[in-house]
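Reading the structure
Single-letter residue listing:
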Amino acid sequence: MSIREQITEVRERIEAACRKAGRSAEEVTLIGVSKTKPAEMIDEAAEAGLLHAGENYATEFRDKVPLVRHRDEIHWHFIGHLQTNKVKYVIDRAEYIHSVDSERLLQEIDRLAEKRDKVQQVLLEVNISGELSKNGLSAREVPFLLEKAAELSHVKVGGLMTMAPFGANESEIRRIFQNLRRLSIDLKPFCCNNIDMNILSMGMSNDFELAILEGANFVRVGSAIYGKR
Ligand SMILES: *Cc1c(COP(=O)(O)O)cnc(C)c1O
């Protein structure tokens with residue numbers, strides 16, 4: 001199947017999941033995850049109407065975005081683990097950074113965003129499952145980071161992001177997504193000028209329908225659009 005056909009199929013599955021959940025499909029933003037895939041494929045997706053793209057690796061992001069013809073129309077999401085010394089490679093282009101998981105990283109983003117006279121939108125990545133191999137904050141750590149974020153002038157926290165552990169079964173995955181949603185509700189008291197909890201970034205090729213049933217509004221879909229990596 002072509003990229004266009006894969007996108008159509010994923011969009012139909014999103015619509016079906018939204019119907020099942022009693023939600024409007026317009027609430028859900030599909031982000032095409034293009035890590036390791038060439039710029040031409042991102043352009044192909046953009047021409048099929050997919051204008052949100054997610055990348056995982058800072059240097060790949062830096063090198064690839066300039067090769068994408070539709071780069072200025074695309075909303076770029078940085079979704080991978082980010083080292084503080086590589087924020088400079090993503091800050092100019094990223095509309096959202098989904099993977100903030102430390103105070104140090106948040107402060108570096110704020111510092112560089114200020115230099116560039118922008119307010120960087122970020123999500124906090126939470127390791128809901130507590131899986132040792134996963135990046136992300138524990139649920140307990142999130143309030144502390146939000147208190148720090150409230151003091152910064154060039155970052156805006158829009159919500160939370162998580163990944164279900166590899167190999168988890170359907171009910172485990174649902175529970176993780178449900179817990180992220182509950183956490184975002186519990187965090188409402190921290191909302192202020194530059195913090196809100198409107199975004200839940202959860203769900204990938206294998207579990208985006210479950211994520212939508214649990215309230216996801218950003219889904220990050222790679223292989224179901226671009227094929228195996
Ligand atoms: C790779 C990746 C995705 C997409 O994964 P697929 O299984 O290919 O859909 C989504 N989110 C993150 C953080 C990723 O690293």
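Residues numbered from 1 in each chain as written. Predicted model: local features only at pLDDT ≥ 70, side-chain atom pairs only at ≥ 80, totals over all residues. Heavy atoms only, no water.

On to the pairing of strand β7 (residues 195-201). Most of β7 is tucked away, with 6 of its 7 residues classed as buried. Pairing of strand β6 (residues 155-161) with β7 involves 4 bridges; the strand directions are parallel. The residue of β7 that forms the bridge with Leu160 is Leu200. (Buried < 20%, exposed > 50% of the residue type's maximum accessible area, 1.4 Å probe, protein only. Helix = DSSP H or I, 4+ residues; strand = E, 2+ residues; numbered from the N terminus. Pairing = 2+ DSSP bridges.)

Time to look at the site of the ligand. Within the structure, the ligand sits among Val33, Lys35, Asn56, Ile79, Met163, Met204, Ser205, Arg220, Val221, Gly222, Ser223 and Arg229. At 2.6 Å from an oxygen atom of the ligand is found a side-chain nitrogen or oxygen belonging to Asn56. In the model, an oxygen atom of the ligand is placed 2.8 Å from a nitrogen or oxygen of the Ser223 main chain. When isolated, the ligand has an accessible area of 390 Å², and the protein chains bury 92% of it. Each residue belonging to the shell around the ligand can be placed in one class, and the counts come to 5 nonpolar, 4 polar and 3 charged. (Near = heavy atom within 4 Å. Polar contact = N/O pair within 3.5 Å; in protein donor to acceptor, adjacent residues only side chain to side chain. Areas by Shrake-Rupley, 256 points an atom, 1.4 Å probe, with all protein chains shown as cover. Nonpolar A, V, L, I, M, F, W, Y, C, P; charged D, E, K, R; others polar.)

One pass over the full model with this rule turns up 3 aromatic pairs. Geometrically, the ring pair formed by Tyr96 and Phe218 is edge-to-face, given 5.2 Å between the ring centres and 85° between the ring planes. One end of the pair, Tyr96, is in strand β4 (residues 94-100); the other, Phe218, is in strand β8 (residues 218-221), and 122 residues separate them in sequence. For Tyr96, a relative accessible area of 11% puts it in the buried group. Assessed through its relative accessible area of 8%, Phe218 is described here as buried. Through a chain of ring-to-ring contacts, three or more aromatic side chains come together here, namely Phe61, Trp76 and Phe78. (Phe/Tyr/Trp six-rings, centres within 6.5 Å; stacked < 30°, edge-to-face > 60°.)

The subject of this paragraph is unusual backbone geometry. Of note in the backbone geometry, Thr36 takes a positive phi value of approximately 70° without being a glycine. Despite not being glycine, Asp117 shows a phi value in the positive range, around 60°. Within the secondary structure, Asp117 is located in the loop between α5 (103-115) and β5 (120-125). Taking the relative accessible area as the measure of exposure, Asp117 reaches 68% and is therefore exposed.

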